[in-house]
Amino acid sequence: MRYLGLVLTTIFFLLCIRTNAQQFGFIGGASLNKMSAPWTRKSSGENKYILGQHIGINFSVPFYNKFSFEPALIYSNKGSEFIQNDLNNHFISNIKIHYIEIPLLFKMGFDIGKFNVFGNAGPYLGQGISGKIKTEYFNFEEPVIRTHNIDWNNKSFNRMDIGMSYGLGAVSYTHLT
């Protein structure tokens, strides 16, 4: 599962061939993620970003010259890493959650030379499908590592994710031959 996002992203880039009437396409890329919880805000530890991936399919609906509406269906992984390292504690918690998301993006693009440069933004709705928490700490100077699945019923994590999505990108007009 660790390399699934990388493999799917590579396949996406290999399949990126632009056609004149493209209405359906693939979407993929990387994202920076950081989660916040009440216990992380009260602690002296550091809440760090982690790298996530997303891949999916989208449908482009042009509605005015350089503008389009692009709903999509995306698999993404998100998470965070919390580190507390002081005289009394050494604690690392790594959280990874897998989502199915439906972004509703509005896209605006410009032609610059052989590229179409674009930006997009809009709301998204996500549903958590699975996740793991890996915790490492020291117990009397011996490391203890625990891994467990996220329990959606204990209310520590929201299965539903709602937010804003935005991005930048470029498409080359050169074709693979």
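Residues numbered from 1 in each chain as written. Predicted model: local features only at pLDDT ≥ 70, side-chain atom pairs only at ≥ 80, totals over all residues. Heavy atoms only, no water.

(A) The arrangement of the environment of His148 in detail. With respect to the secondary-structure elements, His148 resides in strand E8 (residues 142-149). Its relative accessible area of 42% is what places His148 among the partly exposed residues. In the structure, His148 is positioned 13 residues away from Thr135 in sequence and 8.8 Å away in space, judged by C-alpha atoms. Leave out the neighbours within four places in its chain, and His148 touches Gly131, Lys132 and Ile133. (Helix = DSSP H or I, 4+ residues; strand = E, 2+ residues; numbered from the N terminus. Buried < 20%, exposed > 50% of the residue type's maximum accessible area, 1.4 Å probe, protein only. Contact = heavy atoms within 4.5 Å.)

(B) Up close: the side chain of Ser80. Here Ser80 lies in strand E5 (residues 67-85). Of the polar contacts made by the side chain of Ser80, one reaches the backbone oxygen of Lys48; its length is 3.3 Å. Residues contacting Ser80, with those up to four places away along its chain left out, are Lys34, Met35, Asn47, Lys48, Ile50, Ser93, Asn94 and Ile95. (Polar contact = N/O pair within 3.5 Å; in protein donor to acceptor, adjacent residues only side chain to side chain.)

(C) Fine view of the packing of aromatic side chains. All told, the structure shown has 6 aromatic pairs when counted by the stated rule. Relative to Phe26, the ring of Phe24 has its centre 6.2 Å away and its plane inclined at 65 degrees; by these criteria the two rings are edge-to-face. One aromatic cluster is present, formed by Phe63, Tyr64, Phe67, Phe69 and Phe106 through successive ring pairs. Just above the ring of Tyr99 sits the side chain of Lys78; from NZ or CZ to the centre is 5.2 Å. Stacked on the ring of Phe118, the Lys or Arg Lys107 has its end atom at 4.1 Å from the ring centre. (Phe/Tyr/Trp six-rings, centres within 6.5 Å; stacked < 30°, edge-to-face > 60°. Lys NZ or Arg CZ within 6 Å of the ring centre and 35° of its normal.)

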